Amino acid sequence: MKRTLAALFLLLAVLTAVWANGRPPAPIPLTPTLTGETEYCLTCHNDLPDISAAHPTAVFGCVRCHGGERLALDADLAHSSMRGGANPSDLAVVEPSCGGSDCHSGAVSADRDHIQRVQTSIQATYAGAIAAVRYAFGVQPDPAAQLGAFAVQDTETNTGVPYLDPFNPAQETHPSILKFSQNCLNCHLSADPLPGGEYDRFTGCAACHTPTQNRAPDQLTHTLTTAIPYTQCNTCHNRGNYSLRDMAFHPRTDEANGRLQDYYQPIGQFTQCEWTLDCIDCHTRSEAMGDGDIHSSQADIQYVQCRTCHGTINEPPLTKTITDPNDIALRLAALNPVIDLQVGDTILVTEQGEPMWNIRQLDDGSLQLTGKVTELTLPFSRVMDTACEQNPDEQESHFCHECHAVEH
Amino acid sequence: MNVTPSSINPTPLSRRTFLELAGKGLLAVSGLLGLGGLSRFFSFQTETAVPQTFALGPAENYPPGSRTFISQAQAYILHTDEGITAVSAICPHLGCSVNLADNSFDCPCHGSRFALDGEKLQGPANRSLRDLSVEISADNQLTLLT
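Each value, and the rule that gives it
Residues numbered from 1 in each chain as written. Chains lettered and ligands numbered in written order. Predicted model: local features only at pLDDT ≥ 70, side-chain atom pairs only at ≥ 80, totals over all residues. Heavy atoms only, no water. Core = buried A, V, L, I, M, F, W, Y, C linked by side-chain atoms within 4.5 Å. Buried < 20%, exposed > 50% of the residue type's maximum accessible area, 1.4 Å probe, protein only. Helix = DSSP H or I, 4+ residues; strand = E, 2+ residues; numbered from the N terminus. Contact = heavy atoms within 4.5 Å. 1 Å grid on protein atoms, 1.4 Å probe; cavity = no way out; pocket = protein on both sides within 12 Å on 5 of 7 lines; lining within 4 Å. Points joined across faces, edges and corners; volume = space filled by probe spheres on them. Nonpolar A, V, L, I, M, F, W, Y, C, P; charged D, E, K, R; others polar. pLDDT = per-residue confidence, 0-100. Disulfide = S-S within 2.5 Å.

**So, the nonpolar core**
Alright, step 1. One finds B:Y76, B:V98, B:F105 and B:F114 to be the most contacted residues of the largest nonpolar core, which totals 17 residues.
Alright, step 2. Among the secondary structure elements, those contributing two or more residues to this core are α3 (57–60) of chain A together with β3 (75–80) of chain B.
Alright, step 3. Residues within four places of B:Y76 in sequence aside, it is in contact with B:T68, B:F69, B:T85, B:A86, B:V87, B:A89, B:V98, B:N99, B:L100 and B:F105.
Alright, step 4. Of all hydrophobic cores here, the second largest spans 13 residues; its members include B:F54, B:A73, B:A75 and B:L142.

Put into structure tokens, the structure is as follows:
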């Protein structure tokens, strides 16, 4: 009797094991062409779209970027070694996630050093704000950057700032600096955003390259794009003001009604082109992602002006005719194909030689911008041979706004 | 023929015998299920084997001038003046699948372009598409070797 009962219990145990083993969905293997190593992530994540045309799942798989246990079928085990949680582009883990010589930490000469540039960029280090505030309250003798949101170094500095030590509030004693550390460190690329949909963004590369507009709270987003809408920039910019008086952030209180009001907070004047376009239609990659050097101020890195596209009364804007099929402009256009850029096309370039690949000079000499996000085709004029009398040496936007501003 | 009553009406199983038989039966079923599970466990292939030979069917399916994409092989079969050739559709940059345009193969991922013979025209790929072998059998059947 006892033996029979024992056998019965054993069978029940085996049947339970068989039943439990049959419960998970059938494993879905994927062998990405890039890695050649089979992974089973699609067993649960088969509904995720490709994150971008440049990163097809069939080519990259999941593990190359996200990490994780590629052969695990148990969720906890599979996710146990993922990098950055759901965001492998967080700057703390970006090198193993997005790096590699064929990916985003390749040679400077091939323009593949994105990670190094971003990590030394003013948007990542926040060194400008930290230095300015510490200098303003007499904590450091000059406004040259000493501290950053994290430690970073530049072994080939062109700015005289070879490294930044991490900003550590525990080592600060001035009350205003302490308040600054509590209230004003929400916008660098490693910082978690303030609560609220208007501030909603990821950290790291995804802060800009993963649009989060109208995202439901905690909704996962599997998108990367180089067509970054102004709304993504606005998760940090134009959201309000930091006050030196009380060292606090004061959110804007106006209600946006249309793109102009939505774009800029009501503190200034702007030309129509500024709010019709998206930020990335004019501002360049080195302005946003850094040029590889550590800078002490946003002003040191932001250099595009009205003249970059419109020229001055004496000079047309700089142009370049594409002759090399490997020109970076063609690659950038291929990544965001809003125009069919070809060898032989003439585009604008900045004074630092960065291609304005979405702005072409047509055969008749006219200029035409294509919105990188809106895809709008917008012809525009040079300043030369117009009634404009603006001094070529006074090209900051406020000079141009004196005649061309739209107020709101 | 004499038939004894006992051969017609076998002796009923005793309770002890029934329980012993039932126990053995349950053990046997458990053992078989366990063996099945073990067999499944040890025969599971974690890595997916990638085939390297593809039967393409009769050569007349690839007429002169044709450019045929073989999706399972990630390759294009080209019938040109030089005969039937094959070129890999996998971009040597990062492994995306190139698309056939009017006069080139274009990579949709990062913009590399290749001539119809696979030669690199434009980076970021730093080499050309890989040439593949096509064999024609005596009965005019094509086989692609990747």
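**Some thoughts on empty space enclosed by the protein**
All names here are of chain A.
Alright, step 1. Throughout the structure, instances matching the rule amount to one cavity of 30 Å³ or more.
Alright, step 2. Here the largest cavity defines a volume of roughly 30 Å³.
Alright, step 3. Lining the largest cavity, in full, are T120, S121, I122, E287, G290, D291, D293, H295 and I301.
Alright, step 4. Of the residues belonging to the lining of the largest cavity, the class tally is two nonpolar, four polar and three charged.

**A look at the confidence of the model for chain B**
Alright, step 1. Mean pLDDT over chain B: 86, with 92% of residues reaching 70 or higher.
Alright, step 2. Predicted complex, confidence summary: ipTM 0.74, pTM 0.85.

**Looking at the state of the cysteines**
Alright, step 1. Within the structure shown, the criterion is met by one disulfide over all chains.
Alright, step 2. For B:C96, the disulfide goes to B:C109, at an S-S distance of 2.0 Å. Of note, the bridge from B:C96 to B:C109 carries an S-S torsion of about -100 degrees and is left-handed in sense. Highlighted residues: B:C96 in the loop between β4 (83–88) and β5 (99–100) and B:C109 in the loop between β6 (105–106) and β7 (113–114), separated in sequence by 13 residues. Considered together, B:C96 and B:C109 belong to a single accessibility category, that of buried residues.
Alright, step 3. Counting only cysteine sulfurs, A:C205 is the nearest neighbor of A:C98, a cysteine outside any disulfide, at a range of 4.7 Å.
Alright, step 4. Looking at A:C98, the relative accessible area reads 18%, which means it is buried.

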